[in-house]
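So you can see what is in the structure, the chains are spelled out below.
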Amino acid sequence: MSLIETNGLTKDYGYGRGIFDIDLNIEQGEMVGFVGTNGSGKTTTIRSMLGFIKPTSGTAKVNGLTSWEHSSEILKNIGYVPGEIAFPDLKTGINFLKSQAEFLGVTDLSYAKELIERLQLDPRANLKRMSKGMKQKTALVAALMADLPIIILDEPTTGLDPLMRVTFLDILKEEHSKGKTIFISSHLYEELETTCDRVALIDSGHIVDIADMHALRARPEKEFKIEFLTADDYSRFLNEKFTVIRTQEQYNQATICVNIGETGRLLETLKNYNVKFISEIPYTLERHFKDILMRQGESKNVQ
Amino acid sequence: MFSKALFKQSCKANGTMWAIITFMECFMLACVMLISGNGNISTTLTAVGDSMVKEQIDSTIESRELNYYETQLDGMEKFDNEFALKLSEGLTKLDFADPNLQKTIVEIFTNAYSDSVTSLQQYILEKLQRTDPSYTEESVEFLEMFGCVAYAINPPDIDEEDMEGDAMPDLGSIKGMFDEFYTSHEEEIPDAYFNQNELFSAYLTGLDKYFASSERAKFRKDRATNCSAIFLAGNLTEKANMDKILAELEKFDISSERFESYGYDYAHVKDIAESTLVSYLSRLDLEISKLDPEAEDYAAKVAEIKTELAGDISMNFMSSLPADVAAALEELAQLNLYDLVVGSVFFKLAGLLLPIIYMIMASNNLIAGQVDSGSMAYILSSSTKRQSVVFTQATFLVVSLLVMFMCSAITSCVCMAIVGEAVAKISYQSILLFNVGAFLVLFALSGLCFFTSCWFDRSKHSMALGGGLSIFSLVAAMLGLFGSKIMPSIVRLNALNYFNYATIITLFDAISITSGTLTFVWKFVILFVLGLIGYIVGSVRFIKKDLPL
């Protein structure tokens, strides 16, 4: 049984808005990403999982308990960073964290202190005057300090500077390595690409694809872009037996697709050419999903 | 059910606002109680009552004066006509061969005089009976009306001595019956009503003609102008009548000292009477001059103008003040202004404003505000149940209001102790019940606001409906106050009373509390139940609804 699972989860807000037939299974210890454009239904899915909203049909279960009916029980195991960072009407970050610790029944604040140090957060600051990044960090500390087995984050990195984003993701990776189950939503592919085990793509309320990042990283084919110094070399290379997927004659550039096993042969061949540069074109998550969406769009057009 | 952490958080979040509002509320209450308790209020009340009474007495004097004037004029005309008739009757039987001719003439004259007086009496009584058949010769009103004509005529007090000589006695030299009345007020005794020389020459030319002449009419008019004011002033300031007025005013808590301070002495009354008559006559002349004397209904129109100008002049001052003024005075005497200011104005209106503002803001902050901003997510994700969230927040709201009114109750008791129960004229029990009432109003309104706060996800919607209705209740109660029974009837606007039916603040029955009846109890129960319904329905909704967190 999965730790978090949704079966045909639907929340219909009318006019085609909402989420429809969401089937997601998140296993114990997994880190799952959730991408989609703004308004595609990420937050609604998360709210349903947490039991804040009642599904129109289908169920969301955490630990085998339905979210809507047992919201308070399931939330005992979940640290949540909401998408919209709004704190209770308290004075400073410390006040908030202390109050939150009281809510969570946390007495040992040493882990919170450690997190604060790593995030370079000054919790004494007035909550109202905090920058978006500071608020985000404070919210993360609040969610993590109770050391709960499940962490759900709704677009947690928006508003963070690139360096802080790295620290942030590092902390998440660390939590992941401790065996925690993490569900993180984002509209940025890159940050999920490097950290998650699986990434689900949601578009207009429907799950389009769930990509296994390990499989994606271990793809047997790689793409290379090669530019030659002379047009002669360029045309000569095209006759070699490689799968050419794109040519740009004016630049003497060719993009080829090779199996991992063929890499040696490629390098051997290139010895005989004057190569200006060679670079690998990574197969990104973004590209993966774009391909899928494009294919889907085509099939829709055909219909 | 109850989350201590959440309660603490709510205290921290709303504590400052609570403290400021509570302080201001108590301060305002102390100001109202102490300032209105220092006696100024009763002075104001007395001044209002005084000016009302004075105005009433003035207007009574005015209408009385016109009444006297018209009665005198009318009475004298009647008397003249009657006298002319009787005298000519007597004189036709005169035998010039009679040796006691002079004596007979005097007899005829005297008889005519007394006969005329009798028929004048009859005439006035009939006139009175036309307005009310129950009048008799014994009635005060009759005596007053007849007296006013009699005093104007001031008939000669002819005794045996005057009759002794053979010659006709000199009417001018005979004492009038009411000379003393005029002298006692240092007024000139009016000339004899009949001048014997004039009568004699009139006899030769025709008595009818003489009495109907314009000179005679002018004489009567001047006589009435002069005598009516003197009679009114003299009559009103007479001790017996003064006592009657005082007895009447005593019912409205107006002491004789207070009445004396109004300064209604002989000179003042006469002054009012004279100036009234002057303006009446000039206006009457003006109005009559506008009429066409040739017109058929001339006489009727003149009479119409007279009644219009004089107003209702048949009422007797001595028997009573006009009913509405009497009622207003009575109300004013019974009105406890301190009660009104503290109970109906402060606790029912002014003092509710600040707590209502606090209540609107707090109830919104406690639920809708946190859902709207999303901060409720932190509370709920800490596995605090929705039931306990809603229960804790409701408890916080009720307790904070309760403590607020406890502070106000303590303040009011301290102020009562300073002012003293004697001045304040309200008991500690009522003042505590005022606080309970104000709290229950707030409880009911907070039920409404808590309900809207639970119902809406947007705090602006919750504020607009809950806050709007709460403020509406208050404003309606304010408008309703001007139409309510506690307002003295002279300043009451009855149309505004409808607002009292549109606001639940009406259920706080301050009048019942002060008057010691128990009506307020069931109204309090309704307020409590309404509030409770709001809290329960709101809670159920909050537990069941989708939260955008």
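Attention here is on the structure that accompanies the text.

What follows is about unusual backbone geometry. Residue and element names in this part refer to chain A. One non-glycine residue, Tyr 15, lies in the positive phi region at around 55°. With respect to the element layout, Tyr 15 can be found in the loop between strand E1 (4-14) and strand E2 (17-26). Take Tyr 15: its relative accessible area is 78%, and that puts it in the exposed class. With a phi angle near 45°, Glu 155 is a residue other than glycine that sits in the positive phi range. Relative to the assigned elements, Glu 155 resides in the loop between strand E7 (150-154) and helix H6 (162-177).

Attention shifts here to the environment of A:Ser185. All names here are of chain A. Residue position: Ser 185 is located in strand E8 (residues 181-186). When the C-alpha atoms of Ser 185 and Ile 152 are compared, they prove to be 8.3 Å apart, with 33 residues separating the residues in sequence. Residue contacts for Ser 185: discarding those within four places in its chain leaves Phe 34, Lys 42, Ile 46, Leu 153, Asp 154, Glu 155 and Pro 156. A polar atom in the side chain of Ser 185 sits 2.8 Å from the side chain of Asp 154. Reaching out from Ser 185, the side chain makes a polar contact with the backbone nitrogen of Glu 155 at a distance of 3.0 Å.

As a further point, take the sheet that holds E7(A). Residue and element names in this part refer to chain A. In spatial order, the strands read E6-E7-E8-E3-E9-E10; together these six strands make up an open sheet with mixed pairing. One side of each edge strand has no neighbouring strand; the edge strands of this open sheet are strand E6 (78-81) and strand E10 (206-212). Put simply, the sheet's adjacent strands are angled 15° from each other on average, direction ignored. Pairing analysis gives six bridges linking strand E9 (residues 198-203) to E10, with the strands arranged antiparallel. Bridge assignment links Ile 202 to a residue of E10, and that residue is Ile 207. Where helix H5 (residues 132-144) meets the sheet, it contacts E6 and E7, and its direction lies at approximately 170° from that of E6.

Attention now moves to the pairing of E7(A). Residues in a regular strand project their side chains so that they alternate between the two faces of the sheet. Residue and element names in this part refer to chain A. E7 sits mainly inside the fold: five of its five residues count as buried. Here E7 shows a buried face lined by Ile 150, Ile 152 and Asp 154 and a second buried face lined by Ile 151 and Leu 153. Bridge count between E6 and E7: four bridges; the pairing is parallel. Looking at the pairing, Ile 78 lines up with Ile 150 of E7. Note that E7 and E8 share five bridges and pair parallel. Residue pairing in the sheet places Ile 152 in a bridge with Phe 183 of E8.

In this section: the environment of A:His206. Residue and element names in this part refer to chain A. With respect to the helices and strands, His 206 occurs in strand E10. Relative accessible area serves as the criterion here: at 40%, His 206 is assigned to the partly exposed category. Residues His 206 and Ser 40, spaced 166 residues apart in sequence, show a C-alpha to C-alpha distance of 8.1 Å. Sequence-distant contacts of His 206, that is, excluding residues within four places in its chain, are made with Phe 20, Ile 22 and Leu 201.

It is worth spelling out helix H15 (residues 337-373) of chain B at this point. The largest bend in H15(B) comes to about 60°, at B:Phe346. Within H15(B), 28 of the 37 residues are buried, which leaves the element mostly enclosed by the surrounding structure.

Right, let's get into the side chain of A:Arg47. With respect to the helices and strands, the residue A:Arg47 is situated in helix H1 (residues 42-50). Of the side chains with opposite charge, A:Glu84 lies nearest to the buried A:Arg47, which makes no salt bridge, at 5.2 Å. Contacts of A:Arg47, omitting those with residues within four sequence positions, involve A:Phe52, A:Ile53, B:Leu547, B:Pro548 and B:Leu549.

The next thing to look at is the packing of H15(B) against helix H20 (residues 459-481) of chain B. Residue and element names in this part refer to chain B. As a packed pair, H15 and H20 sit with axes 9 Å apart at the nearest point and diverge in direction by 175°. Classified by the interaxial angle, the pair formed by H15 and H20 is roughly antiparallel. For the contact of H15 with H20, the residue count by class is 14 nonpolar, seven polar and two charged.

Quick look at the interface of chain B and chain A now. Between chain B and chain A, the residue contacts involve 28 residues of the former and 27 residues of the latter. With both chains or domains summed, chain B and chain A bury close to 2,400 Å², and 57% of this area falls on carbon and sulfur atoms. Viewed at the interface, chain A and chain B are joined by nine residue pairs in polar contact (both at pLDDT 80 or more). Within the residue set of the side of chain B that touches chain A, elements represented by two or more residues are helix H1 (4-36), H15, helix H16 (376-380) and helix H22 (519-544) of chain B. Here the side of chain B that touches chain A is built from residues that sort into 11 nonpolar, nine polar and eight charged.

All names here are of chain A. Residues of helix H10 (residues 263-270) that are buried include every one of Leu 266, Thr 269 and Leu 270, and no others. End-on, the buried residues of H10 take up no more than an arc of 95°, which puts them together on one face. Residues of H10 that are buried sit in contact with strand E11 (221-228), helix H9 (231-238), strand E13 (253-259) and strand E14 (275-281).

Cut-offs and rules
- One numbering rule holds for all chains: residues counted from 1, following each sequence as written.
- To read the labels, note that chains go from A and ligands from 1, taken in the order they are written.
- For a predicted model such as this one, the threshold for reporting local features is a pLDDT of at least 70, and the threshold for listing and counting side-chain atom pairs is 80 or more; totals across whole chains, interfaces and linings nevertheless cover every residue.
- Side-chain metrics rest on all non-hydrogen atoms present in the structure, leaving aside hydrogens and water.
- Only DSSP runs of H or I covering at least 4 residues are called helices, and only runs of E covering at least 2 are called strands; the numbering of each starts at the N terminus.
- Classification of residues uses two cut-offs on accessible area relative to the type maximum, computed with a 1.4 Å probe and protein chains only: under 20% is buried, over 50% is exposed, and between them is partly exposed.
- The contact criterion used throughout is that any non-hydrogen atoms of two residues lie within 4.5 Å.
- By the criterion applied in these results, polar contacts are pairs of N or O atoms within 3.5 Å in which, for protein atoms, one can donate a hydrogen and the other can accept it, and in which residues neighboring in sequence qualify only through two side-chain atoms.
- Any two strands with at least two DSSP-identified bridges between them are counted as paired.
- Orientation is described by axes fitted as lines to C-alpha atoms, over the contacting stretch for helices, and by angles from 0 to 180 degrees between their N-to-C directions.
- One fitted axis covers the seven residues ending at a residue, a second covers the seven starting there, and the bend at that residue is the angle between these axes.
- Lys and Arg are tallied as positive, Asp and Glu as negative. Neither His nor the chain termini are counted.
- The working definition used for a salt bridge is a side-chain nitrogen of Lys or Arg within 4 Å of a carboxyl oxygen of Asp or Glu.
- Our angle categories are set so that under 35 degrees counts as roughly parallel, over 145 as roughly antiparallel, 65 to 115 as roughly perpendicular, and the remainder as oblique.
- Gly is put with the polar residues, along with every residue not named as nonpolar or charged; the nonpolar set is Ala, Val, Leu, Ile, Met, Phe, Trp, Tyr, Cys and Pro, and the charged set is Asp, Glu, Lys and Arg.
- The buried area of a pairing is the accessible area, by a 1.4 Å probe, that goes missing from both parts when the two are put together, added over both.
- The arc in question is the one spanned by the directions pointing from the helix axis to the C-beta atoms.

Just distances and angles here, no functional claims.
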